[in-house]
Amino acid sequence: MPGAEDRVKGLLHDATVWIRGPETGGRSGDPQLWGSGFFIAPGRVLTCAHVLADAPAGSGVWQGKPNLRITYRVRPEHHDGSPEATVAGRLLYSLPAHDPAVPLDRGSWPLPDLAVIAVDEEYEHPCVWLSDLSTPPGGASGQLGYRGFRIDGGSVRGRSGDCAVEGTDEPYGVRLGIEGGEIKPGLSGGPVVDLGRGAVVAVVKGRRNDGSGGTSVQITALRELWSPGGDGQPYQELIRSHDRWHWTVYQRDRDVTRTWAGEQSKLPNTSGDWRPEDRVEALGLLAGLPPAPDSGTVQRLVDKACPGQFELRMPPPVSWRDGAGLLYDPVRKSETEAVLDYLLRVAGSVQDVARTAALALQDWALERAELRPELVRSDLGRLAVVRERVGVSASRAGAAGHTGREAVGLWPAPAPDPPPGDSTSAFREEPAPDTADADPAEPPVIEAAAVLLELRDDWWLEDHYHWTVRLVGPTGEAELVGVGEDLAVTDLVQPPQEVVDALNRAFLRADAGCYVAPFEVLVAQELFDLPFDAWRVNGPSAHESESAGCVRPVSIIDQRRHGPYPLERSAVRRVSGPPHAAGPHPRMLPLLEAHVASPAPDVVLFHRGPVRDGAAGAALRDALNRGFTTVVWSRAEATPEQGEQMTEGVRRMLDRISSPAEVPAAVTALRANHAALPARDHWSRHLAVLHHDPDHRPVPADLLDAP
């Protein structure tokens, strides 16, 4: 009888398709074969974007017209005796986005080189199981398999083989060594499966010229599917549909036919205490929740459940599923304990918007916790913060007859909570549990992360800089996110893509819920007047629809004051939310008069012009050396009329806050309010802020010069 690995290959075989275009044109003649693909969710096929490169001009393929042909294997008895079925498909997403007017060669298509094809015709088809791991493929066994199609003797034929990981090419490339045959033309877009875990981990991208192997793209590259400004979350929609399908099929078919979870449980690398059957149910329940709000929220809940699981080599988590996938091989606790801890925290974080689904997830996790030691059960029980509503028949964990399935049934998910005014909407009167460690996803507006960009002089090239981007935690711990050199001062008006990418990665992890991480820039005075707040960091975050200074606090930190060495620092108070008055207001003092005043914690210096050099530059340097901590100025020279308007506007802003620490957030709110005004009245777009918290000392980059 075939072993578990062979049965996983069989499941892979059933979900793999071949792709061709309109009836005319095409590279491979008749029958056409542009490449391979595989079903990842109902009506969704994943392939390589370069597979569509041969689309004839005017075919509309790149414009999303349903002119693709998707052919897949079927049981002849289910399809009029034919072993194949063909349906129409249309391009839904491509990574990266492609302009068909710009020709690209198939062999040089840039990473991630992925495309998602929609099949609108409803019909039954299997789907592969996508890995939830964030680490590069390989695993304990390192043994992978691939599947796809090629032309042989004028006909399309399937081709499978074994391969092993030979190395990775960041961020998403995986080099494959092939055993038992080479990767043939037509296999591009086919799945690569980890045979030790029973999960698809990559997509075949290309082959080496000598036939000794090829390249593939990690499945985690799908996390780059996003819409600027938060208008839709295509990756989360895809992955939730994937998990709902697998949970439905597992519940329906587990006793009568093979399922991915059932076969995974027989593989050697799935022998831990968190079983594939547990995973498919947990991820199915997570798929019934609203999408995760942002990467920072997911990572914070993972860190609370089991600190230290995320590594810089991993792509940031985007969905609730990605967070659960970070908890393989946890430190200091079992996988089951870590995942249940995380699930309960997720349930608590969404209870206000999806109480029914959150309660179902919480009940399932608590029931699963009944199998753990008493101390573990007690710790997990304290995280159960979702309250029942009267009339909602979701039983508590451990109740007689409750299996975790009856409460939720098959998908679609249960109906939402009763509307306001419904007789079942009152909360049950019962003591609230201890929530001291529940840590809902809504983060505090203080004691949170910031993103620090540092620019340091290049010793050998004038007006060039080394740069680092760091994620700085509340107690001063700093994690390097990106580093580079040879950055010209002329590049700093609009930053180069490598700097933007590093900032994207950092903000994606630092933002959480309503908390928008501050952007702190550690530079020398010669760079103070550069428009860092005008940078557009349009990454996969709902907060990046405008320039940085309109959506997050941006502040300059004086590099000279902090010196070229790291220093321990106490907890940082960062204010990211809207300013609020709660006591005496900061006093505004003209920068050019600072030399006759004494530094005080409530003084904010103000200047109506640049401060890089000249009299204002000298006054600023003297003020900083003497201990003044907060300065607001205009990067552009102002006319007398504009200057008066600006002075009065800043004075009113200070009257609405209670501390100089709130100035960066107050200026952000001011810019956002002025964004719709004509340019001549939008004077706040020229404002810059320098703020030094006496308890806050950023960690420099500690750059080393190469010998």
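So, here is what we can say about the structure in this document. (Residues numbered from 1 in each chain as written. Predicted model: local features only at pLDDT ≥ 70, side-chain atom pairs only at ≥ 80, totals over all residues. Heavy atoms only, no water.)

Some details on the pairing of strand 19 (residues 603-607)
Rules: Categorising residues by exposure relies on relative accessible area from a 1.4 Å probe, with only protein chains included: less than 20% of the type maximum marks a residue as buried, more than 50% marks it as exposed, and the intermediate range marks it as partly exposed. Numbering of helices and strands runs from the N terminus; a helix is a DSSP stretch of H or I covering at least four residues, while a strand is a stretch of E covering at least two. Viewed with both strands pointing away, a crossover whose connecting path from the first strand over the helix to the second turns clockwise is right-handed.
Taking burial as the measure, the five residues of strand 19 include five buried ones, the bulk of the element. Side chains Val-603, Leu-605 and His-607 project from strand 19 onto one buried face, and the interleaved Val-604 and Phe-606 project onto a second face that is buried too. Considered for its hand, the β-α-β crossover made up of strand 19, helix 13 (residues 614-626) and strand 20 (residues 630-634) is right-handed.

A short note on the packing of aromatic side chains
Stated formally: Side-chain rings of Phe, Tyr and Trp (the six-membered ring for Trp) are treated as a pair once their centres are within 6.5 Å; stacked means planes under 30 degrees apart, edge-to-face means over 60, and tilted covers the remaining angles.
Taken as a whole, this structure holds ten aromatic pairs when the rule is applied. Look at Phe-532 and Trp-535: their rings are 5.3 Å apart centre to centre, the planes differ by 65°, and that puts the pair in the edge-to-face class. We note that Phe-532, like Trp-535, is buried. These aromatic residues form a ring-pair network of at least three members: Phe-507, Phe-519, Phe-532 and Trp-535.

Observations concerning the nonpolar core
Keep this limit in mind: As used in this record, nonpolar core signifies buried Ala, Val, Leu, Ile, Met, Phe, Trp, Tyr and Cys residues forming a set joined through side-chain atoms within 4.5 Å. Should any heavy atoms of two residues lie within 4.5 Å, those residues are counted as being in contact.
Core analysis: the largest hydrophobic core is formed by 103 residues, its most contacted members being Trp-320, Tyr-342 and Leu-343. Tyr-342 has contacts with Val-298, Leu-301, Val-302, Ala-305, Ser-319, Trp-320, Gly-323, Ala-324 and Leu-327, leaving out every residue within four places of it along the chain. Counting 49 residues, the second-largest nonpolar core is a separate cluster that includes Leu-453, Leu-527, Leu-530 and Phe-532.

Topic: the side chain of Ser-36
Counted only if it meets this: Pairs of N or O atoms within 3.5 Å make up the polar contacts considered here, provided that, within protein, one atom can donate a hydrogen while the other can accept it, and that residues adjacent in sequence are counted only when both atoms are side-chain atoms.
In this fold, Ser-36 is placed in strand 2 (residues 35-41). For Ser-36, a relative accessible area of 0% puts it in the buried group. At 2.9 Å, the side chain of Ser-36 and the backbone nitrogen of Phe-149 are in polar contact. Ignoring sequence-local partners within four residues, the contact set of Ser-36 consists of Val-17, Trp-18, Ile-19, Thr-47, Gly-148, Phe-149, Gly-186, Leu-187, Ser-188, Gly-189 and Gly-190.

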